[in-house]
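Here's the letter readout for the chains.
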Amino acid sequence: MLTYMKVQIEDSWKEELKEEFEQPYFGQIVERLKKDKQDGKVIYPPGNLIFNAFAHTPFNKVKVVILGQDPYHGAGQAHGLSFSVPDGVKPPPSLVNIFKEIEDDLGIPASRSGNLTSWADQGVLLLNAALTVLAGEANSHAQIGWHQFTDAAIRHISDNKENVVFMLWGRFAQDKAALIDGKKHLILKAPHPSPFSAHTGFLGCGHFSKANNYLRENGEKPINWSLAKENGDQ
């Protein structure tokens, strides 16, 4: 099935989630994506980036999980990392508020780039609950089986790792707390960073400093939340 989709999932995740790939629901995901493509529908992100979060953050490297709901459905925005956009794409409003909170929390100036790949490479799993979406149609693939797959990924992290920080923003993400062992991990909850809700508690939540303090306390290297490039282009 993975070969058919022309994507590769990182080896540690392939091993961790191998049973999921053999489940009927995963075959149904593949068939739905195939049908939508045959019907001429545009799917985001591109096929080779569907599992991008897993590619950049191997299972054994996961320190933090930031859960999104759905990939961006505008052209050129989604690249398989929750809340992130590729270089050259204007940061969406929710990401602007994330940067605002990081600046208030840690004193790191807001980035002009919305590409969060450097976070992923440090162990921040930027996971969307649905890994694909149709162009211009938010949540259009929310019911095709992806949630079962990403719930399994969350459970595997909870069950087989310790001292991971889960940042759950908004009611949808907070409902995923039921999958997580709060005795083994740090669960941080806040309203969604969307402009509609950020001022009700996301701004001022201090999640980024709390995450780093927890990682340090448990012998892990903290995350560098700055996106500054060596060339000074921030």
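Since we're looking at a predicted model, the values are computed, not measured.

The rules behind these values
- Residues numbered from 1 in each chain as written.
- Predicted model: local features only at pLDDT ≥ 70, side-chain atom pairs only at ≥ 80, totals over all residues.
- Heavy atoms only, no water.
- Helix = DSSP H or I, 4+ residues; strand = E, 2+ residues; numbered from the N terminus.
- Rg over C-alpha atoms; globule rule 2.2 N^0.38 Å.
- Buried < 20%, exposed > 50% of the residue type's maximum accessible area, 1.4 Å probe, protein only.
- Areas by Shrake-Rupley, 256 points an atom, 1.4 Å probe, with all protein chains shown as cover.
- Salt bridge = Lys/Arg side-chain N within 4 Å of Asp/Glu carboxyl O.
- Core = buried A, V, L, I, M, F, W, Y, C linked by side-chain atoms within 4.5 Å.
- Contact = heavy atoms within 4.5 Å.
- Pairing = 2+ DSSP bridges.
- Axes fitted to C-alpha atoms, helices over the stretch in contact; angles between N-to-C directions.
- pLDDT = per-residue confidence, 0-100.

Peer 1: I'd like a rundown of the overall build of the chain, residues and numbers included.
Peer 2: When its secondary structure is counted, the chain shows nine helices and six strands. Rg of the C-alpha trace for the chain: 17 Å, near the compact-globule value of 17 Å for 234 residues, within the 12% margin. If one aligns the C-alpha atoms of the chain with their principal axes, the spans along those axes are about 50 × 35 × 35 Å. Within the chain, buried positions represent 53% of all 234 residues. Surface accessibility of the chain: about 11,100 Å² in total, with carbon and sulfur atoms responsible for 48%.

Peer 1: Residue-level account of the pattern of salt bridges, with values.
Peer 2: Going through the model one piece at a time under the given rule, you end up with five salt bridges. Notably, a salt bridge pairs Lys176 with Asp151, separated by 2.7 Å at the nearest N-O pair. One end of the pair, Lys176, is in the loop between α8 (170-174) and β6 (186-190); the other, Asp151, is in helix α7 (residues 146-160), with 25 residues separating them in the sequence. Here Asp151 falls in the buried class, since its relative accessible area comes to 16%. A single salt-bridge network, built from bridges that share partners, covers Arg32, Asp36 and Lys41.

Peer 1: Provide a residue-level description of the nonpolar core, including the pertinent values.
Peer 2: Judged by nonpolar contacts, the single largest core of 71 residues is most densely connected at Trp119, Trp146, Phe149 and Trp225. Other than its neighbours up to four places away in sequence, Trp225 contacts Val64, Ile66, Ile102, Leu106, Ile108, Trp119, Val124, Met167, Phe208 and Asn212.

Peer 1: For the sheet that holds β6, give the residues involved together with the corresponding values.
Peer 2: With parallel pairing, four strands are arranged side by side in an open sheet as β3-β2-β5-β6. Bordering the open sheet on either side are β3 (124-128) and β6, each of which pairs with just one other strand. Neighbouring strand axes in the sheet, compared pairwise and without regard to direction, differ in orientation by 20° on average. Relative to strand β5 (residues 165-169), strand β2 (residues 64-68) runs parallel, the two sharing three bridges.

Peer 1: Now, about the confidence of the model for the chain: what can you tell me, with residues and values included?
Peer 2: With 94% of its residues at a pLDDT of 70 or more, the chain shows a mean pLDDT of 93. Here residues 3-7 is a poorly scored stretch, pLDDT under 50, and it has 13 contacts once near neighbours within four places are set aside; other chains count. Taken as a whole, residues 230-234 scores under 50 in pLDDT and shows eight contacts with residues more than four places along the chain or in a different chain.

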